[in-house]
Amino acid sequence: MAEFDTTTEVVVAAEKVRDAGFTETDAFSPFPIHEMDEALGIKRTVLPYLVFIGGVAGLLIGLGLQYYTHVVEYPIIVGGRPHFSLPAFVPPAYEMTILLASFTAVFGMLFLNGLPKPYHPVFNVPRFNLASREKFFLLIKKDDPKFDYDETKAFMEDLNPQEVFDVDE
Amino acid sequence: MEELKRVQERINPPMVEGHHDYASVTDKISDITLKKRTPFGWFIGFGIAFLLAQLLLMTVTLLFAQGVGIWGNNQPVGWAFPIINFVWWIGIGHAGTLISAILLLLNQKWRTSINRFAEAMTLFAVACAGMFPILHTGRPWLAYWMLPYPNTMGMWQNFRSPLMWDVFAVTTYALVSLLFWYVGLIPDIATLRDRANNKYFKFVYGLLSWGWRGSARHWHRYELAYLLLAGLSTPLVLSVHSIVSFDFSVAQLPGWHATIFPPYFVAGAIFAGFAMVLILCIPLRAWYNLKDLITDTHLSYMGKIMLATGLIVVYGYAAEAFFAWYSAAEYEVFMMRNRMISGPYWWSYWLLIFCNGVSIQFLWFKRFRESSFWLFVISVIVSVGMWLERFVIIVTSLHRDFLPSSWGMFAPTIFDWTMYLGTIGFFFALIFLFVRMLPVISIFEVRTLLPDAKVDRHGHDHDHDGTGSVGS
């Protein structure tokens, strides 16, 4: 793992790591860096599709609940409206759509990120607590097919980092 | 060059003033929770708010023991204070999501310094709002009857009723606001975890941050999730107060039955919400010395939004009067005359026009917009005005029924007031606790505002292959 001072340095280094053919990599930063997605070759997440499915499910559950209530289980005439009074059913169905889509967005994000995960080997690096403050870190994992301890370490030293650390497991 | 720079600063004023880097903004915000001694004023403020919250507890205890008869609610004014306060609080609760969602989608960078505590304000205001309709039912221990579940009574809810829509809208709003707030907090709680010296705090913040480590892959999904939440909250925030306004406008009562209600209520909610954000952030930035982060520019922008939404609200008042006249319906005409001139509550209408219509006109002038004192004063007046607006809508419409035989008057009792004051205390007590325990400003988003945060390739002799910036 290598430490950097600025966004520009870490992004440039990440591009070099990608171009050298490493795939099992990660970067850590105190705030999102948009350029990093491209620099590390991160694929676009499937999250938006999940959120869409969540929203559609919410809509169907909302409408289904009201249909079941007013047409099947407890048909009762209120104000001369038909049993299935769609315009009046829009607000609850709409709110259910938003609710389920939002839940999917948040919990889907946490699930895809593999969180909660209170312990992770990177936390063993003493200086890593600066990743949530001001420093930027670049990691090459040892299960990368191109990983070789000495070569990779030498390669990382060449990236002009502040320092290179080993991550204990 | 100097000239050019000045013009640029006018168009695009810096959102972080002073000389700051990632570490200094981090320290500035997180030290409030971790390092600094709690200021004496905090204890005084929290103490007063906490005492007022006890007033709420006592009133609710009495309410449970004796029933809604302790309030001034009567026939024909059955809604009275509980619903006035419900609508007032839920209106205040709208600015938070507006700031975090709509301004995010509009790429308004100035939202960054104020969104966190505006969202907290939203949550606490919605918590206060939620209490009122439940207690107003008279048998609050049966409030779960509003949820659709198969029950032994064999009964189901009537989904054609706006009151049922309210249940769905307010519940959804509360939950989604909570999620939005919490998702924004995760990276900042991780910062607190990494900076806390006390091992218990470290443990608690560690749990709350879900093990966030700032991985690029995580940030990628995080930003998308945040953007999607903003996209989902935007129609939500507009729908919630529209649905609250349906509680009124779907009824046939003159003074309630108007098509202008949904947009006029939404504008009023944002208006009241920004007033409350200003009431909170002006003392906050002074006491905690946050003027570099919440600058005068921020206050001035909020003043402008208050002016714009306030003018929409005034348009709503004018439209109501116009409808009454143009409809030529005798009950409508009577209601409006009674509300403005001949009725016993005429003073509340003109006080409302003063608070919401006249006082905001000062915001046209830069002098008032850039003075935190005047902004604070105007915000307090507006908060009172927005409460009066709901008083006018509810009480003056109800107290003159269609038949003169069912006319009546409304006078609040002491318990109406203690309950209202009690929720104000509860609200501020929660705000004080929030300021003490969590970062009041979104740290990671402020970091992105710093000039260093931009990736600058020009300084490097790197043969870049056209991989420009990627928006996600």
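Residues numbered from 1 in each chain as written. Chains lettered and ligands numbered in written order. Predicted model: local features only at pLDDT ≥ 70, side-chain atom pairs only at ≥ 80, totals over all residues. Heavy atoms only, no water.

Q: Looking at this model, I keep getting lost on the overall build of chain A. Mind explaining?
A: Within chain A, the secondary structure is distributed over five helices and four strands. Taken from the N to the C terminus, the helices and strands of chain A come in the order β-α-β-α-α-α-β-α-β. Compactness check: chain A gives a C-alpha radius of gyration of 25 Å against a globular reference of 15 Å for 169 residues, more than 25% above the reference. Seen through its principal axes, chain A has C-alpha atoms that stretch 80 × 30 × 30 Å. Counting across all 169 residues of chain A, residues that qualify as buried make up 47%. (Helix = DSSP H or I, 4+ residues; strand = E, 2+ residues; numbered from the N terminus. Rg over C-alpha atoms; globule rule 2.2 N^0.38 Å. Buried < 20%, exposed > 50% of the residue type's maximum accessible area, 1.4 Å probe, protein only.)

Q: What's the story with helix H15 (residues 372–398) of chain B in this structure? I'm lost.
A: For an α-helix the count is 3.6 residues per turn, leaving residues at separations of three or four pointing the same way. For H15(B), spanning 27 residues, the distance from its first C-alpha to its last is 39 Å, which sits close to the expected 39 Å at 1.5 Å a residue. Where burial is concerned, most of H15(B) is hidden: 19 out of the 27 residues are buried. (Expected span 1.5 Å × (residues − 1).)

Q: Got a minute to help me understand the pattern of salt bridges in this structure?
A: Pairing between side chains of opposite charge can happen when the charged atoms of each approach one another. All names here are of chain B. Scanning the entire structure with this criterion turns up six salt bridges over all chains. With its nearest N and O atoms 3.1 Å apart, the salt bridge here joins Asp 188 to Arg 116. Taken together, the positions of Asp 188 in helix H7 (residues 162–195) and Arg 116 in helix H6 (residues 115–136) put the pair 72 residues apart, joining distant regions of the chain. For the pair formed by Asp 188 and Arg 116, the shared burial category is buried. (Salt bridge = Lys/Arg side-chain N within 4 Å of Asp/Glu carboxyl O.)

Q: Help me out: how do you make sense of the nonpolar core in this one?
A: Nonpolar side chains in soluble globular proteins tend to be buried together. Ranked by size, the top nonpolar core spans 189 residues in total, and within it A:Met36, A:Leu138, B:Trp89, B:Phe274 and B:Phe427 carry the most contacts. If one sorts the elements of this core by residue count, helix H10 (residues 261–287) of chain B sits on top with 18 residues. Residues from two domains meet in this core; each of domain 1 (2–44 + 135–164) and domain 2 (47–112) of chain A gives at least three. With residues up to four places along the chain from it excluded, the contact list for B:Phe274 reads B:Ala95, B:Leu98, B:Ile99, B:Trp110, B:Met302, B:Ile305 and B:Met306. In terms of nonpolar packing, the next biggest core, distinct from the first, is built from nine residues, A:Met1, A:Val122, A:Phe137 and A:Phe165 among them. (Core = buried A, V, L, I, M, F, W, Y, C linked by side-chain atoms within 4.5 Å. Domains from an automatic or database assignment. Contact = heavy atoms within 4.5 Å.)

Q: Can you walk me through helix H1 (residues 7–19) of chain A in this structure?
A: An ideal rise of 1.5 Å per residue puts 18 Å on 13 residues; H1(A) measures up with 18 Å between its terminal C-alpha atoms. For H1(A), the complete set of buried residues consists of A:Thr7, A:Thr8, A:Val10, A:Val11, A:Val12, A:Ala13, A:Ala14, A:Glu15 and A:Val17. On its buried face, H1(A) is in contact with strand S1 (2–4), strand S2 (25–28), helix H2 (34–40), strand S3 (136–140) and helix H5 (149–157) of chain A together with helix H2 (22–34) of chain B. In the segment just after H1(A), A:Gly21 is the residue with positive phi, at about 95 degrees.

Q: How do you make sense of the packing of helix H3 (residues 47–73) of chain A against helix H9 (residues 216–249) of chain B when you look at a structure like this?
A: A pair of packed helices is characterised by two quantities: the angle between their axes and the separation of those axes. For the pair H3(A) and H9(B), interaxial distance at closest approach is 10 Å and the crossing angle is 30 degrees. Where H3(A) crosses over H9(B), the two elements pack in a sense that is right-handed. Only B:Arg221, B:Leu224, B:Ala225, B:Leu228 and B:Leu232 of H9(B) make contact with H3(A), whose side of the interface consists of A:Leu47, A:Pro48 and A:Val51. Counted by class, the contact of H3(A) with H9(B) contains seven nonpolar, no polar and one charged residues. (Axes fitted to C-alpha atoms, helices over the stretch in contact; angles between N-to-C directions. Left-handed = near helix turned anticlockwise from the far one by under 90°. Nonpolar A, V, L, I, M, F, W, Y, C, P; charged D, E, K, R; others polar.)

Q: Before we go on, may I ask you to explain the packing of helix H4 (residues 80–92) of chain B against helix H16 (residues 414–437) of chain B in this structure?
A: Residue and element names in this part refer to chain B. Close contact between H4 and H16 brings their axes to 10 Å; oriented N to C, the two are set at 20 degrees. When the interaxial angle is binned, H4 and H16 end up roughly parallel. The two elements H4 and H16 cross, and the hand of that crossing is right-handed. Residue-level contacts link Phe 81, Asn 85, Trp 88 and Trp 89 of H4 to Asp 416, Trp 417, Tyr 420, Thr 423, Ile 424 and Phe 427 of H16. (Parallel < 35°, antiparallel > 145°, perpendicular 65-115°, else oblique.)

Q: Which parts of the structure should I look at to understand empty space enclosed by the protein?
A: Gaps left between atoms show up when a probe the size of a water molecule is rolled over them. Across all of its chains, the model carries five cavities of 30 Å³ or more by this definition. Its boundaries defined by the atoms lining it, the largest cavity holds a volume of some 80 Å³. Taken together, 17 residues make up the lining of the largest cavity; nearest its centre are A:Ala131, A:Ser132, B:Ala190, B:Trp212 and B:Gly214. At the level of secondary structure, the elements contributing two or more residues to the lining of the largest cavity comprise H7 and helix H17 (443–449) of chain B. (1 Å grid on protein atoms, 1.4 Å probe; cavity = no way out; pocket = protein on both sides within 12 Å on 5 of 7 lines; lining within 4 Å. Points joined across faces, edges and corners; volume = space filled by probe spheres on them.)

Q: What am I meant to see in the layout of surface pockets here?
A: Residue and element names in this part refer to chain B. Of the voids in this model, the second largest pocket is the one considered here, and its volume is about 940 Å³. Taken together, 33 residues form the lining of the second largest pocket, with Thr 137, Ala 143, Met 146, Leu 163 and Val 167 sitting closest to its centre. Residue assignment for the lining of the second largest pocket shows that the elements contributing at least two residues are H4, H6 and H7. The element best represented in the lining of the second largest pocket is H7, accounting for six residues. When the residues that make up the lining of the second largest pocket are grouped by side-chain class, the tally is 21 nonpolar, nine polar and three charged.

Q: Can you walk me through the packing of aromatic side chains in this structure?
A: For any two aromatic rings, the description comes down to two numbers: the centre-to-centre distance and the angle of the planes. Following the criterion strictly, the structure yields 54 aromatic pairs over all chains and no others. Pairing A:Phe31 with A:Phe136 gives two aromatic rings, centres 5.8 Å apart and planes at 90 degrees, and the pair type is edge-to-face. Of this pair, A:Phe31 sits in the loop between S2 and H2 while A:Phe136 sits in strand S3; the two residues are 105 residues apart in sequence, bridging distant segments of the chain. In this arrangement the basic side chain of B:Arg367 is found over the ring face of B:Phe368, its NZ or CZ atom lying 5.6 Å from the centre. (Phe/Tyr/Trp six-rings, centres within 6.5 Å; stacked < 30°, edge-to-face > 60°. Lys NZ or Arg CZ within 6 Å of the ring centre and 35° of its normal.)

Q: Any chance you could explain the domain arrangement of chain A here in plain terms?
A: Interface extent is often summarised as the accessible area lost during association of the parts. Taken domain by domain, chain A comprises domain 1 (2–44 + 135–164) and domain 2 (47–112). The gap between the C-alpha centroids of domain 1 of chain A and domain 2 of chain A is 45 Å.

Q: I would appreciate a short explanation of the environment of A:Val90 in the present structure.
A: Residues and elements named next belong to chain A. Here Val 90 shows up in helix H4 (residues 86–112). The exposure class of Val 90 is partly exposed, given its relative accessible area of 44%. Note: C-alpha distance between Val 90 and Gln 66 (24 residues apart in sequence) is 9.8 Å.

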